[in-house]
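What follows is each chain in one-letter form.
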Amino acid sequence: MPGYTKRLGRELSDLKTNPAIGISVFQADDFRIWLIDIQVMDNNPLYVGKTFRLQFRFTQTYPIEAPEVQFIRSLGRDIPMHPHIYSNGHICLDVLGSGWSPIQTVGSVSMSIQSMLAGNDRNERPPDDARYVASAPISPKQTRFVYHDDNV
């Protein structure tokens, strides 16, 4: 069994036995793609009562390299409004790119995104959303985001 599958097996077991509040595994049938549901657990009026779905894509280089993480639309799940989340689900967050460290886990990344949502009070997309989405690569990992606004 390759090292990354052992690591993901431990992470999956931990996510199922010790889930963080508002974070749950929706689907994790293999070690390639996982779907994680997250809810913002405070009374933020932008997200109260809503559940969002994250898709994690792993390669054999995990955890040395970050997984590909993005929000996806599905039945009852939309892309959250946020100044760092594009309408195609791509997320501008340093821990998914240059700020990645192999000590990060699916759970810690999910909590970072949950916290990012909880701290937001702006019901808007990034200013360049239309331009970015029109020419964005399929994988958000192919985008070189510039992390310049940590106010949200």
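Here, every reference points to the structure presented above.
What you see is a predicted model, and the numbers here were worked out from it, not measured in a lab.

About the cut-offs
- Residues numbered from 1 in each chain as written.
- Predicted model: local features only at pLDDT ≥ 70, side-chain atom pairs only at ≥ 80, totals over all residues.
- Heavy atoms only, no water.
- Core = buried A, V, L, I, M, F, W, Y, C linked by side-chain atoms within 4.5 Å.
- Buried < 20%, exposed > 50% of the residue type's maximum accessible area, 1.4 Å probe, protein only.
- Helix = DSSP H or I, 4+ residues; strand = E, 2+ residues; numbered from the N terminus.
- Contact = heavy atoms within 4.5 Å.
- Expected span 1.5 Å × (residues − 1).
- Polar contact = N/O pair within 3.5 Å; in protein donor to acceptor, adjacent residues only side chain to side chain.
- Phe/Tyr/Trp six-rings, centres within 6.5 Å; stacked < 30°, edge-to-face > 60°.
- Lys NZ or Arg CZ within 6 Å of the ring centre and 35° of its normal.

(A) Geometry of the nonpolar core. Counting 32 residues, the largest nonpolar core has Trp34, Ile38, Leu54, Phe56, Phe71, Ile91 and Ile113 as the members making the most contacts within it. Elements with a minimum of two residues in this core: helix H1 (3-17), strand E2 (33-39), strand E3 (51-57), strand E4 (68-72) and helix H2 (106-118). With 5 residues, the top contributor of residues to this core is H2. Ignoring sequence-local partners within four residues, the contact set of tryptophan 34 consists of Leu8, Glu11, Leu12, Leu15, Gln27, Ala28, Leu54, Gln55, Phe56, Phe58 and Val106.

(B) Representation of H2. The terminal C-alpha atoms of H2 lie 18 Å apart, and with 13 residues this matches the ideal 18 Å at 1.5 Å per residue to within 8%. The inward-facing, buried residues of H2 contact H1, strand E1 (23-27), E2, E3 and E4.

(C) Structural context of the side chain of threonine 143. By the element assignment, threonine 143 lies in the segment after helix H3 (129-135). A distance of 2.8 Å separates the side chain of threonine 143 from the side chain of tyrosine 132, its partner in a polar contact. When sequence neighbours within four positions are dropped, the list of residues in contact with threonine 143 reads Tyr132 and Pro137.

(D) Structural context of unusual backbone geometry. Cis geometry marks the peptide bond from tyrosine 62 to proline 63; its omega dihedral reads 10°. Summarising the element assignment, proline 63 is placed in the loop between E3 and E4.

(E) Layout of the packing of aromatic side chains. Counted under the stated rule, the structure contains 7 aromatic pairs. For the ring pair phenylalanine 56 and phenylalanine 58, a centre distance of 6.2 Å and an interplane angle of 20° mean the geometry is stacked. Relative accessible area serves as the criterion here: at 7%, phenylalanine 58 is assigned to the buried category. Ring geometry for phenylalanine 58 and tyrosine 62: centres 5.1 Å apart, planes at 70°, overall edge-to-face. For the pair formed by phenylalanine 58 and tyrosine 62, the shared burial category is buried. Members of the aromatic cluster, connected to one another through ring pairs, are Trp34, Phe56, Phe58, Tyr62 and Trp100. For the cation-ring pair, arginine 53 lies above phenylalanine 26, with the distance from its terminal atom to the ring centre recorded as 3.6 Å.

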